[in-house]
Amino acid sequence: MSRPQLKPPPSHAHTCCSTTTRSLLFLPASSSLVRPSSLLTLGRPRRRGQTAIRCVSSPAAGSEEPSSGRSSSVAAASAMAAVRVKAVATIKVTVGGFLSSLRPSRAIDDVKDLIGRSLYLELVSSELDAKTGQEKPTLRSYAHRVADNDEEVVTYEADFDVPAGFGAVGAVLVTNEHRTAMLLEDVNLSSLAADDDDGDDAAPLLTIRCNSYVQPKCGDGVGAAPGKRVFFANKPYLPSQTPAGLQSYRKKDLEQKRGNGRGQRKATDRIYDYDVYNDLADPDNDAGKARPVLGGNKQFPYPRRCRTGRPPSSKDPKTETRSGDNYVPRDEAFSEVKTLQFSVTTLRSVLHAAVPAVQSTLIDPNLGFPSFFVVDKLFEDGVKLPKADQLGFLHGVVPRLLQILRDGPGDQVLLFDTPANVQKDKFAWLRDEEFARETLAGINPYAIELVREFPLKSKLDPAVYGPAESAITAEILERQMGHSMTVAEAVKQKRLFMLDYHDLFLPYVHKIRELEHTTMYGSRTIFFLSDDCTLRLLAIELTRPASPTQPQWRRVFTSSTDTTESWLWRMAKSHVRAHDSGHHELISHWLRTHCAVEPYIIAANRQLSEMHPIYQLMHPHFRYTMRINALARTALINAGGIIELSFSPQKYSMELSSVAYDQFWRFDTEALPADLIRRGMAEEDPKAEHGLKLTIKDYPFANDGLLIWDAIKSWVQAYVSRFYPDAGSLAGDAELQAFWTEVRTVGHGDKKDAPGWPTLDSPESLAHALTTMIWVASAHHAAVNFGQYDFGGYFPNRPSIARTNMPIEEPVDDAAHAAFQDNPDQALRECFPSQVQATLVMAVLDLLSTHSPDEEYLGGLETAPWNDDAAVQAAYRQFNARLKEIEGIIDARNTDRRLKNRCGAGIVPYQLMKPFSQAGVTGKGIPNSTSI
């Protein structure tokens, strides 16, 4: 897709075509750009002819530079008579929130004390007083509640007499004098005729979109009166171009969002600040839940998370207490639709995990599955809901949902949905071909890399961990390749690929083995690229490092016609799959998307005004991320949480993600093309599509992902060029440079001196950095998230943990070896996760793979830029059209039988890069943000 060529915005303000008076009072917008679809998503439909200005808490984009030549407008305004203006504020009724009690149980008499004294509005001029050089006094009015038959909103009205010469309205101040927070959707401004007392003939002028919580006047505030919020008009401004009358408001709003770095944050706060990951442990309640602080130290570097300010633990002053919910700024919370869906789905998922455990009279949480038949029953037969007193260790979590489910028809039986890969091929997990295919078209396509040199060697100290050179020899590989070529030839022709979990896991092997009911190896897995672009699994090496009492042990496993070797091969594959599951969940998924993105969100809100065009571009890509991360710190990645209970690294899981961050994470290689080049999966080629030549031509994730990458890049380049015509415009943008400095030196401060940080010194460098952030938050996350249930819901395909050693590991455990020889099927099942671990992971993967009904998708019209610039709107429409075109390309690829990694008998088609989806577990859809 070619990049739209947009001219820099004009320096003068356009005038509204309706009346001269309106053009003098408001920042106008072209009515031809109003999109009913986006308006219906955000609130009540806008009436025909209405134009819009937006508030600071909503994403927007605009076109016009602030006028440097407003004198003619100001002069004309001074000559005009006063104008009457009506403001209608729309407040959304929220569960337990502002005015929810008015629907419909309470009579008007019960709340008559609120009428006319709950909402205070002030119109702000964008211009200074010509005589004093000071800000003009705001126009103030209380709004009174009006009758409204809409059960979802309550409306308030206020009237203003706007004097001649007031100038363009640049913002509205809102003061909430009620006792609880209100969710303010918008403020509509209309002009009234002199004799129009009831407002029936009001001419719509502007709609200020808010979609933000306004806290009560009694709340705290920094840089502004408590409870008072500013909502700016829909005209993005670079800092140096901000109209004089709005400059102090812009500055104060940022000060308010930064806070002062002190005190414990409250759920009603709107403050963004940083802290290290010191809230995962819980030593006060359990000494076994002590964990190191991640971030702010050389041993465990890490990105920063949102500061909560809770007091330190009494037993470990470096650790924060875990009382209450993890704070996120109020506007980062889930919508009510998302909250309801997430709550019900979460508890339903817990029941999925709990019911099989209860019905099998499970006592030992380490009990494995007695047969594969019992595994199949999870999907084939419904299970009756247990009584609350039968839930054992889940008793405190489930009772509320039990009533919810029993109130609904057909909910007396629960069962897991059959994952997509099992629907296609129940025995695919046994096949080497599927094992190899999923490295290219599964949920962790970020791990496979090219073998660049042979023999393989560890970078770890051999004096500590044993011989560095791999036990995988040329002889072994050439035998597995059928002596079709030498290893040297295969390396030269780029035919050998690898999953390398050797150096990352090896230092933790003995630590993990000290824990009960689990084990660990370092591993290397080698593949051969066939002529049809499929990978053939050649060999697996498992390594136990040397210890003070034992030498290094390692063994290479290959497929075989020998029965014993064949079963050992299956067990070795299960160990590698467990390694891949841990790498996927902790690094490809959590670290590189959720964790790495949070500092971008905090820095943007602290340093970029919500008037800033880059804030408005990026805001949709930050939706829900801070909230889902806070929930992860509560129950998923915390000490004793689901990750530690169910994945191989257990209590060392987060430490390992810190090690990976230290060794591998760089901002520049988070861009898809750079990531592919880093892993040897592509090389630069100006003549090739996307400027890259893929090492494996049929690499579904890369093939489809590059289409998405280029579409994002073209849209972002068009947007950036609209506001930054040259390098000087970036250098002079103090907010932008402060944002980028804070991302590097604070948000990712432990890597501030690492290579890979670009300098934002040109429109091209800015566009590339923004494209990288958008890619990671949207498409990267989608690629590793929304297929989790399809590929991991049937846990033998992707076990989250390996619990037993290989039966031939030296010194050989005679009893374990004899049991393996007698019943290898049972030995394999005992290596798999326990019933509790498996069903819990299945439930979580089901939840994480689910799209919310209010999902906002990449390039979707529901998040089209809220602006009045025809060129920006056209570029976004082109972005939307390109993404729809990409969906068709992906559909065609999935039916092309020449592409054997995505099409064939029993193969799940690769759809994770399809941009759009319906709600639920669909295995497709790219949300704008890391939202689940």
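Remember, predicted model here, so these are calculated numbers, not experimental data.

Cut-offs used in this document
Residues numbered from 1 in each chain as written. Predicted model: local features only at pLDDT ≥ 70, side-chain atom pairs only at ≥ 80, totals over all residues. Heavy atoms only, no water. Pairing = 2+ DSSP bridges. Helix = DSSP H or I, 4+ residues; strand = E, 2+ residues; numbered from the N terminus. Contact = heavy atoms within 4.5 Å. Axes fitted to C-alpha atoms, helices over the stretch in contact; angles between N-to-C directions. Parallel < 35°, antiparallel > 145°, perpendicular 65-115°, else oblique. Buried < 20%, exposed > 50% of the residue type's maximum accessible area, 1.4 Å probe, protein only. Salt bridge = Lys/Arg side-chain N within 4 Å of Asp/Glu carboxyl O. Core = buried A, V, L, I, M, F, W, Y, C linked by side-chain atoms within 4.5 Å. Polar contact = N/O pair within 3.5 Å; in protein donor to acceptor, adjacent residues only side chain to side chain.

### Observations concerning the sheet that holds strand S17 (residues 535-544)
Here comes step 1: In space, the five strands of this open sheet follow the order S14-S15-S16-S17-S18, with antiparallel pairing throughout. Two strands bound the open sheet, and with one partner strand each, they are strand S14 (449-450) and strand S18 (553-557).
Here comes step 2: Summarising the sheet, S17 and S18 pair through five bridges and their orientation is antiparallel. Looking at the pairing, Glu541 lines up with Val556 of S18.
Here comes step 3: Sheet strands in contact with helix H9 (residues 432-441) are strand S15 (496-501), strand S16 (522-529) and S17, and its direction is about 90° off that of S17.
Here comes step 4: Strands in contact with helix H14 (residues 563-607) are S15, S16, S17 and S18; relative to S17, the strand with the most contacts, it is inclined by about 80°.

### Quick notes on the packing of H14 against helix H18 (residues 653-664)
Here comes step 1: Viewed as axis vectors pointing N to C, H14 and H18 meet at an angle of 75°, and their least axial separation amounts to 10 Å. With respect to each other, H14 and H18 are oriented roughly perpendicular. Taking contact as the criterion, the partners of Leu586, Ile587, Trp590 and Leu591 in H14 are, on H18, Ser653, Met654, Ser657, Ala660 and Tyr661.

### Looking at the side chain of Arg627
Here comes step 1: Relative to the elements of secondary structure, Arg627 occurs in helix H16 (residues 625-635).
Here comes step 2: A residue is classified by how much of its surface remains accessible, and Arg627, at 15% relative accessible area, is buried.
Here comes step 3: Look past the residues within four positions of Arg627 in its chain and what remains in contact with it is Asp325, Asn326, Val328, Glu332, Ala333 and Phe334.

### Here we look at the pattern of salt bridges
A pair can form between side chains of opposite charge whenever their charged atoms are brought close.
Here comes step 1: Across all of its chains, the model carries 47 salt bridges by this definition.
Here comes step 2: The closest approach of N and O atoms between Asp425 and Arg431, which form a salt bridge, is 3.3 Å.
Here comes step 3: Arg513 is the salt-bridge partner of Glu809, the closest N and O atoms lying 2.7 Å from each other. Separated by 296 residues along the polypeptide, Glu809 in the loop between helix H24 (788-792) and helix H25 (814-822) and Arg513 in helix H13 (residues 509-513) bring together distant segments of the chain.
Here comes step 4: The network of salt bridges with shared partners includes Asp275, Asp279, Arg305, Arg310, Glu320 and Arg633.

### Some details on the nonpolar core
Here comes step 1: Formed by 170 residues in total, the largest nonpolar core has its most connected members in Leu676, Ile708, Trp775 and Met913.
Here comes step 2: In contact with Ile708, other than residues within four places in its own chain, are Trp775, Ala779, Leu858, Leu883, Ile886, Met913, Pro915 and Ile926.
Here comes step 3: Among the nonpolar cores identified, the runner-up in size contains 28 residues, and Ala87, Leu123, Val187 and Ile208 belong to it.

### Some remarks on the side chain of Thr439
Here comes step 1: The residue Thr439 is located in helix H9 in this model.
Here comes step 2: For Thr439, the side chain forms a polar contact with the main-chain oxygen of Ala436, separated by 2.6 Å.
Here comes step 3: Once you skip the residues sitting within four places of it in the chain, Thr439 turns out to touch Asn444, Pro445, Ile448, Leu499, Phe527 and Leu535.

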